[in-house]
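Survey of secondary and tertiary structure
Residues per chain are reported as follows:
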Amino acid sequence: MSEETKSQTPPDHLSVNPGSEHFDVEVLKRGVGIRFKGKQRTDIEEYSISEGWVRVQAGKTVDRHGKPLTLKLNGPVEAWFEDLGDNPPVAKAD
């Protein structure tokens, strides 16, 4: 991947949790679209493209610290920046 293509695709691993090491507010401000197993999802808490998994919240269940419990689902993950309009470059596992 060229340097320009890398800047036009989301990172391999991203989280919406501010306590995570994979949290990046600048990337999240751009808006990241996620397709998991061929279906577009809006409820993703964290993803890893190369490892092929996403984390989604398990209903309204929270742990003893008030943080949402998540489930790890395995499958093909694709991500793109929503601010690039129609047909943006898509990051996916090769």
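Everything below is about the structure printed above this text.
Below: a short report on this structure. (Residues numbered from 1 in each chain as written. Predicted model: local features only at pLDDT ≥ 70, side-chain atom pairs only at ≥ 80, totals over all residues. Heavy atoms only, no water.)

Some words on the sheet that holds strand S4 (residues 44-48)
Strand order in the open sheet made by the four strands is S1-S4-S5-S6, with antiparallel pairing throughout. Both edges of this open sheet fall to strand S1 (13-15) and strand S6 (68-74), since each of them pairs with a single strand only. The average undirected angle you get between the axes of adjacent strands in this sheet is 25 degrees. As paired strands, S4 and strand S5 (residues 53-62) are joined by four bridges and run antiparallel to one another. Paired with Glu-46 across the bridge in S5 is Arg-55. (Pairing = 2+ DSSP bridges. Helix = DSSP H or I, 4+ residues; strand = E, 2+ residues; numbered from the N terminus. Axes fitted to C-alpha atoms, helices over the stretch in contact; angles between N-to-C directions.)

Considering the packing of aromatic side chains
Inspection of the entire model under this criterion finds zero aromatic pairs. Taking the ring centre of Phe-81 as reference, the NZ or CZ of Arg-30 above it sits at 3.8 Å. When the ring centre of Trp-53 is taken as origin, the NZ or CZ atom of Arg-55, which lies over that ring, is 5.7 Å away. (Phe/Tyr/Trp six-rings, centres within 6.5 Å; stacked < 30°, edge-to-face > 60°. Lys NZ or Arg CZ within 6 Å of the ring centre and 35° of its normal.)

Some thoughts on the environment of Asn-17
For Asn-17, the position within the fold is in the loop between S1 and helix H2 (25-30). A residue is classified by how much of its surface remains accessible, and Asn-17, at 37% relative accessible area, is partly exposed. For the pair Asn-17 and Phe-81, spaced 64 residues apart in sequence, the C-alpha to C-alpha distance is 18 Å. (Buried < 20%, exposed > 50% of the residue type's maximum accessible area, 1.4 Å probe, protein only.)

Topic: the environment of Asp-24
Here Asp-24 lies in the loop between S1 and H2. Along the sequence, Asp-24 and Arg-41 sit 17 residues apart, while their C-alpha atoms lie 19 Å from each other. Setting aside residues no more than four positions away along its own chain, Asp-24 makes contact with Leu-14 and Ser-15. In terms of polar contacts, Asp-24 uses its side chain to reach the backbone amide nitrogen of Glu-26, at 3.2 Å. (Contact = heavy atoms within 4.5 Å. Polar contact = N/O pair within 3.5 Å; in protein donor to acceptor, adjacent residues only side chain to side chain.)

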